[in-house]
Amino acid sequence: DAMVIQNPRYQVTQFGKPVTLSCSQTLNHNVMYWYQQKSSQAPKLLFHYYDKDFNNEADTPDNFQSRRPNTSFCFLDIRSPGLGDAAMYLCATSRSAGGNQPQHFGDGTRLSIL
Amino acid sequence: GDSVTQMEGPVTLSEEAFLTINCTYTATGYPSLFWYVQYPGEGLQLLLKATKADDKGSNKGFEATYRKETTSFHLEKGSVQVSDSAVYFCALPSGNTPLVFGKGTRLSVIA
């Protein structure tokens, strides 16, 4: 019954080695989001897609990029991970970008950097 | 910009105790308000929401009322269980930001 699925749940990569995290959804929602959540903090929005329209947050580092090849899938690419990028990465979806639309989250990918 | 302020945690309660987690907001207009819950090792789940003043959201025994006059959306539950142990986030949409979260309040319920 999982509706927003993130793979893998745990990812280990080396300092500076590119890594891709994936997210898929079975809800057919128009909007997909990527958040970074560090320990004991609130999720921080990195970017979101409204359909194919990409919206980057102003303070998202250039090191982070995203792709959405179709409605169901969205990827987070970290080009050269640094130690500070170790975090939980959460994918979420919503039916539309309207302010009263709830977001549906996956269980996240915990990224560790060696 | 719009923001939410939550009470600092952690909050530790005994089973069957009454829970209140305070949330106040600053916003232009009257946005929808949300409470999300994050259980250990999981993503966030929508707990409840309210879309206009005086609305009460409720789910799983939790309630929160949208109070325009006090700009608050406090979360309450009459009798907490160990399974309610989690982090609770108050949130609202703001301008081009789909959701602005509070810092979260960790709740621990002990048997």
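Residues numbered from 1 in each chain as written. Chains lettered and ligands numbered in written order. Predicted model: local features only at pLDDT ≥ 70, side-chain atom pairs only at ≥ 80, totals over all residues. Heavy atoms only, no water.

So, the sheet that holds strand 1 (residues 4-7) of chain A
Residue and element names in this part refer to chain A.
Next up, step 1: Within the open sheet, the four strands sit side by side as 1-3-8-7. Their pairing is antiparallel. Either end of the sheet is taken by a strand with one partner, and the two such strands are strand 1 and strand 7 (64-67). Direction aside, neighbouring strands of the sheet carry axes that sit 20° apart on average.
Next up, step 2: Two elements, strand 1 and strand 3 (residues 19-25), share four bridges in a ladder whose sense is antiparallel. Note that in strand 3 the partner of valine 4 across the bridge is glutamine 25. (Pairing = 2+ DSSP bridges. Helix = DSSP H or I, 4+ residues; strand = E, 2+ residues; numbered from the N terminus. Axes fitted to C-alpha atoms, helices over the stretch in contact; angles between N-to-C directions.)

As for the nonpolar core
All names here are of chain B.
Next up, step 1: Leu19, Trp35, Leu47, Leu48, Phe73, Leu75 and Tyr88 are the most contacted members of the largest nonpolar core, which totals 27 residues.
Next up, step 2: Of all the secondary-structure elements, those providing two or more residues to this core are strand 2 (11-14), strand 3 (19-21), strand 4 (23-26), strand 5 (33-38), strand 6 (44-50), strand 8 (62-65), strand 10 (86-94) and strand 12 (105-110).
Next up, step 3: For tyrosine 88, the contacting residues outside a window of four places in its chain are Gln6, Ile21, Trp35, Tyr36, Val37, Leu47, Phe62, Leu75, Gly104, Thr105 and Leu107. (Core = buried A, V, L, I, M, F, W, Y, C linked by side-chain atoms within 4.5 Å. Buried < 20%, exposed > 50% of the residue type's maximum accessible area, 1.4 Å probe, protein only. Contact = heavy atoms within 4.5 Å.)

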